[in-house]
Amino acid sequence: MNDPGEAIADQGLLLASKGEHAAAAALFQQAADQGNRPAQYFLGLYYARGEGVTQDFDKAFKWLEKASLGGHPKAMYHLGEMYVHGDGTPVDHVTAMAWFWTATTLGERFAETRLKTVAPRLTAVEIGDAKVLSQALMKKVPKDLKLKRVSLH
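Thresholds applied
Residues numbered from 1 in each chain as written. Predicted model: local features only at pLDDT ≥ 70, side-chain atom pairs only at ≥ 80, totals over all residues. Heavy atoms only, no water. Axes fitted to C-alpha atoms, helices over the stretch in contact; angles between N-to-C directions. Helix = DSSP H or I, 4+ residues; strand = E, 2+ residues; numbered from the N terminus. Parallel < 35°, antiparallel > 145°, perpendicular 65-115°, else oblique. Left-handed = near helix turned anticlockwise from the far one by under 90°. Contact = heavy atoms within 4.5 Å. Nonpolar A, V, L, I, M, F, W, Y, C, P; charged D, E, K, R; others polar. Buried < 20%, exposed > 50% of the residue type's maximum accessible area, 1.4 Å probe, protein only. Phe/Tyr/Trp six-rings, centres within 6.5 Å; stacked < 30°, edge-to-face > 60°.

Enquirer: Run through the packing of helix H5 (residues 73-85) against helix H6 (residues 93-105), naming residues and quoting values.
Expert: The N-to-C vectors of H5 and H6 enclose an angle of 165°; their axes lie 8 Å apart at closest approach. Relative to H6, H5 is oriented roughly antiparallel. As for the relative orientation of H5 and H6, their crossing is left-handed in sense. Residues Pro73, Met76, Tyr77, Leu79, Gly80, Glu81, Tyr83 and Val84 of H5 lie in contact with H6, whose contacting residues are His93, Thr95, Ala96, Trp99, Phe100, Thr102 and Ala103. Residue classes in the contact of H5 with H6 are distributed as 10 nonpolar, 4 polar and 1 charged.

If you want it as structure tokens, here you go:
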């Protein structure tokens, strides 16, 4: 898959590793606009944390959701956290659990831990709803990211 934003995102990562977060955020924005999933993820984190940019949970949610729908497991985990805490979106534990479940299916270990803490907040019906939503989300994950993954469904 050709990713025109990959080289720009790589430059952003280099700047971020040097602590040059504002410059890194600008490069992540360019790469994210070109559809680069890792850049979308990092830009979402920057907005959530207010690092290199003004903190903005709405923008954080937007970029983490784009990266999540593109199949980025760490973005899915952080998006689930936004649903748990109501950052940039209303609190919704069912949707949070669905994102954690999907991220866990793709190998994200922190999401697996969060499943165990969110599950007790839900009824059996809500857990079933989260599973159905997770299955629907998995169908949206690009096929290239589904290879050699654990299936929880």
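Past the structure itself, the notes keep going.
Enquirer: Requested: an account of the environment of Tyr77, with residues and values cited.
Expert: Structurally, Tyr77 is set in helix H5. Overall, the relative accessible area of 15% leaves Tyr77 in the buried class. Residues Tyr77 and Met97 lie 20 residues apart in sequence; the distance between their C-alpha atoms is 9.5 Å. Ignoring any residue separated from it by four or fewer positions in sequence, one finds Tyr77 in contact with Phe100, Ala103, Glu108, Phe110, Ala111 and Arg114.

Enquirer: Would you mind going over the packing of aromatic side chains in detail, with residue names and values included?
Expert: The final tally for this structure, using the stated rule, is 6 aromatic pairs. A centroid spacing of 5.3 Å and a plane angle of 20° characterise the contact between Phe28 and Phe42, whose relative ring orientation is stacked. Of this pair, Phe28 sits in helix H2 (residues 21-33) while Phe42 sits in helix H3 (residues 37-49), placing them 14 residues apart in sequence. For Phe28, a relative accessible area of 1% corresponds to the buried category. Arranged with centres 6.1 Å apart and planes meeting at 40°, the rings of Tyr77 and Phe110 form a pair that is tilted. Highlighted residues: Tyr77 in helix H5 and Phe110 in helix H7 (residues 109-118), separated in sequence by 33 residues.

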